[in-house]
Every structure is written in C-alpha cells, then in structure tokens.
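What follows is each chain in one-letter form.
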Protein chains: 2
Amino acid sequence: MEPENRELADIIDNLRRVFQVVNEHSKKAEKSSGITGPQLWAIKTISEKAPIRVSDLAHQMYLHPATVVGILDRLEARELVTRTRSSTDRRVVTIDLSEKGKELVRRAPEVAQGLLVAGLEKLSREKRKVIGEGLRYLVDILGVQEIPPKLMRSPEINTPE
Amino acid sequence: MEPENRELADIIDNLRRVFQVVNEHSKKAEKSSGITGPQLWAIKTISEKAPIRVSDLAHQMYLHPATVVGILDRLEARELVTRTRSSTDRRVVTIDLSEKGKELVRRAPEVAQGLLVAGLEKLSREKRKVIGEGLRYLVDILGVQEIPPKLMRSPEINTPE
DNA sequence: TGCTAATAATTAGCATACAAATCATTTAAG
DNA sequence: CTTAAATGATTTGTATGCTAATTATTAGCA
C-alpha cells in the first residue's frame with residue numbers, strides 16, 4: 001500500500017479505535033454506578049432539564065425517540081424516573097427524576113467528569129491543539145456532505161454550559 | 001468559559017459530530033451495498049486477510065469475538081463467507097470469502113469507506129497530517145487511560161457507535 | 001362541524017456489542 | 001498417562017440504536 005493510502009487507512013483505523021474505546025469505557029461506567037452509560041447520560045440530562053418531554057430528551061441526547069423510550073423503560077423499571085402524561089396535551093409525556101434518581105445524581109457527581117476529559121486535560125497544550133485542529137478539519141470535510149437528519153431535529157450540537 | 005475549557009468542549013463536540021456523520025454514512029453504505037456497515041467492514045477485512053481465524057478477525061476489527069460470531073452468522077446466511085474448522089487444531093474456525101463475497105468486494109470497493117476517504121483525499125497533505133496526528137494522540141490517551149478503569153467516560157460523549 | 005394532516009410516544013423487528021457461561025479441544029503438570 | 005488448566009468458538013442474556021408501523025391526540029382547514 002502506498003504511504004498515501006497507509007495514512008488514510010490509519011486515520012480510519014484510529015477513528016474506529018476511538019469509537020470502540022469510547023464505547024467500551026461507557027460499559028465500565030456501569031460497574032461503578034450500577035447503571036449503563038446511556039442511562040446515566042439520560043439521568044444527568046433529566047436532572048438538568050426536568051421536567052422534560054420525551055422528544056426533547058431525545059433531542060438533547062442526539063438519539064432517536066425510540067431509543068430513548070427503551071432507556072426510559074429500564075430507568076422506570078428501576079424507579080429512577082417517572083413518566084407523567086400531560087393533561088393539556090395528552091400526547092405528551094413528561095419525565096422527572098424520582099427521589100431515588102435524584103439521590104443517584106447526588107451520589108455520583110464525579111461520574112460526569114469523564115475519562116476523555118481527564119485525559120485531555122493531562123495533555124500538553126500543544127497536543128491538545130493538534131487534536132482540536134485535526135478534528136476541526138475532519139468535521140469540515142465531513143460536514144460538507146452531511147445529510148440533513150430526518151426525524152430528529154437539527155442535531156446542531158450545542159456546547160455544554 | 002475560559003479558553004481552556006472552550007477548547008476541550010470543542011474537541012468533545014467535534015468528536016460527537018464525527019461520530020454522527022460517520023454513523024450516518026455507514027447507514028448510507030448499507031443502502032447501496034445491501035449489507036450493514038459492520039458486515040461490510042468484516043467482509044473487507046476478510047478479503048484482505050483471508051483465510052483468517054475468528055479470534056484474529058475480532059482483533060483486527062477491535063470487536064469482541066461474540067460480536068463477530070453474530071456478524072459471521074449473518075454473512076454466512078447470505079452465503080458471503082464460509083466457515084471451515086481447522087483439521088490441525090479443531091478448536092479453530094477459519095473464515096474465507098465465497099465467490100459471492102469476493103464479487104461483492106469487487107463490485108463495492110469504495111462503499112466501505114467512501115465518504116470519509118473521498119473527503120480525506122481532497123484535503124491537502126498538510127491537513128491530513130494534522131488529522132492523523134490528532135487522532136493518534138487521542139488513541140494514545142484513550143489507550144493509556146484504559147488501564148485504570150476507575151474513572152469513567154463522560155456520558156455526554158457516549159454517542160452511538 | 002367533520003375530515004385530514006401533523007405530532008407525540010410507543011411497539012415491533014433487526015443488527016450491533018459485550019460479559020459470562022458453555023462446549024470442545026489442546027496443552028501442560030505431575 | 002491422567003488430570004487440570006488454557007484456548008477458541010459459540011451460546012445466552014442484556015442493552016443499545018435504528019427504521020417502520022401503530023396508536024392516540026391535536027391542529028388545520030374546507
């Protein structure tokens with residue numbers, strides 16, 4: 001393989017690696033907090049925005065509503081969240097944290113900190129710059145061909161507060 | 001927000017963006033080739049390394065063997081790959097492409113990585129270098145951090161595969 | 001008013017993905 | 001040589017994640 005293609009292949013391999021590792025670590029979160037990464041992510045989002053509609057939660061999490069429903073099913077089964085059908089618009093279901101859910105958020109605040117952030121913070125300013133710049137290029141070239149999402153609202157990604 | 005945190009937030013946001021776009025692209029590939037992204041990835045890997053053992057394939061793909069078994073089941077059901085139990089070590093199963101599988105690889109060579117590769121190829125050598133380097137750092141810090149599974153991933157980053 | 005379109009949540013069906021347990025086989029220890 | 005440990009693939013069970021279809025409700029309009 002020519003060095004040019006080697007370089008491309010490396011980029012793609014590394015992207016996959018990042019995906020895998022990020023995925024893998026989210027599974028490890030389960031062991032220390034008792035719930036899975038996505039569930040924890042949902043809980044955290046709900047704790048910040050509650051009461052929140054299912055569709056808004058899905059939007060907040062960049063996930064499909066159908067996926068969120070499944071996560072909510074499991075959280076509700078553990079009595080961490082509550083579902084309430086709105087009286088003004090009976091199509092709408094609003095989600096809240098139960099006491100148990102709030103307790104979980106209180107008890108595991110550091111969970112939100114995250115491995116990636118911790119790792120990035122330890123890096124030198126220069127390396128962080130390189131990572132940031134490289135990703136920016138990547139987003140640029142990908143963004144050109146990005147397909148407008150259908151069901152989910154604009155996945156316009158907001159910077160965390 | 002201080003510039004330092006701004007930088008971190010940007011990195012994480014861009015990662016999310018990349019995840020999403022690549023994810024969508026993988027679905028596009030599915031529609032044009034008839035098989036899913038992971039299946040295509042497996043086919044491509046097999047075509048490069050065949051005959052290959054199941055565990056080696058899993059390693060190549062950064063996936064758990066159990067996951068690969070499922071993918072192989074579906075590929076075998078479509079008669080795209082063949083499983084052969086080794087005669088020298090009867091625990092080992094080696095995977096090969098069927099004629100149909102080879103034909104698919106011939107017919108859809110670029111589908112697997114099309115969007116990414118096409119975009120990357122258009123970039124200047126300089127920018128490509130920056131992307132490659134940045135990802136390498138990223139993989140490094142993720143790899144290093146993987147050892148102590150104490151802290152966990154920021155759920156915000158745990159975007160779908 | 002009454003019919004149709006749009007919206008919100010859910011369900012059903014499929015494909016990843018992993019950990020843990022299992023089965024068969026091979027290797028190593030005594 | 002016999003048994004215990006290790007290895008390779010698979011099975012089982014749980015959790016994502018998506019699309020498409022369904023149900024219930026609301027909004028829009030003739």
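I will try to describe carefully the structure that is included in this document. (Residues numbered from 1 in each chain as written. Chains lettered and ligands numbered in written order. Predicted model: local features only at pLDDT ≥ 70, side-chain atom pairs only at ≥ 80, totals over all residues. Heavy atoms only, no water.)

## Let's talk about the protein's contact with DNA strand C
Phase 1 of the analysis: Residues in contact with DNA strand C amount to 25 residues; listed here are only the nearest, A:S55, B:T36, B:Q39, B:H64 and B:R74.
Phase 2 of the analysis: A:V54 places a main-chain nitrogen or oxygen 3.3 Å from a phosphate oxygen of DNA strand C.
Phase 3 of the analysis: Within the side chain of B:R74, one N or O atom sits 2.8 Å away from a phosphate oxygen of DNA strand C.
Phase 4 of the analysis: Of all elements in the fold, only α1 (3-33), α3 (54-61) and α4 (65-77) of chain A together with α2 (37-49) and α4 (65-77) of chain B reach the threshold of two or more residues within the surface near DNA strand C.
Phase 5 of the analysis: Of the residues forming the surface near DNA strand C, the biggest block, four residues, is contributed by α4(B).
Phase 6 of the analysis: Residues that form the surface near DNA strand C fall into these classes: nine nonpolar, seven polar and nine charged. (Near = heavy atom within 4 Å. Polar contact = N/O pair within 3.5 Å; in protein donor to acceptor, adjacent residues only side chain to side chain. Helix = DSSP H or I, 4+ residues; strand = E, 2+ residues; numbered from the N terminus. Nonpolar A, V, L, I, M, F, W, Y, C, P; charged D, E, K, R; others polar.)

## With respect to the pairing of strand β3 (residues 93-97) of chain A
Residue and element names in this part refer to chain A.
Phase 1 of the analysis: Here β3 shows one buried face, formed by V93, I95 and L97, and one open face, formed by T94 and D96.
Phase 2 of the analysis: Sheet analysis places strand β1 (residues 52-53) next to β3, joined by two bridges and oriented antiparallel. Bridge pairing links R53 to T94 in β3.
Phase 3 of the analysis: Here strand β2 (residues 81-85) pairs with β3 via five bridges, running antiparallel. (Buried < 20%, exposed > 50% of the residue type's maximum accessible area, 1.4 Å probe, protein only. Pairing = 2+ DSSP bridges.)

## Thoughts on the protein's contact with DNA strand D
Phase 1 of the analysis: By nearness alone, 26 residues border DNA strand D, and A:T36, A:Q39, A:T67, A:R74 and B:S55 come closest of all.
Phase 2 of the analysis: Taking the atoms of DNA strand D that fall within 4 Å of the protein, sugar and phosphate contribute 82% of them.
Phase 3 of the analysis: One nitrogen or oxygen atom from the main chain of A:R90 is found 2.9 Å from a phosphate oxygen belonging to DNA strand D.
Phase 4 of the analysis: Per element, the largest residue contribution to the surface near DNA strand D is four residues, and it comes from α4(A).
Phase 5 of the analysis: When the residues that make up the surface near DNA strand D are grouped by side-chain class, the tally is 11 nonpolar, six polar and nine charged.

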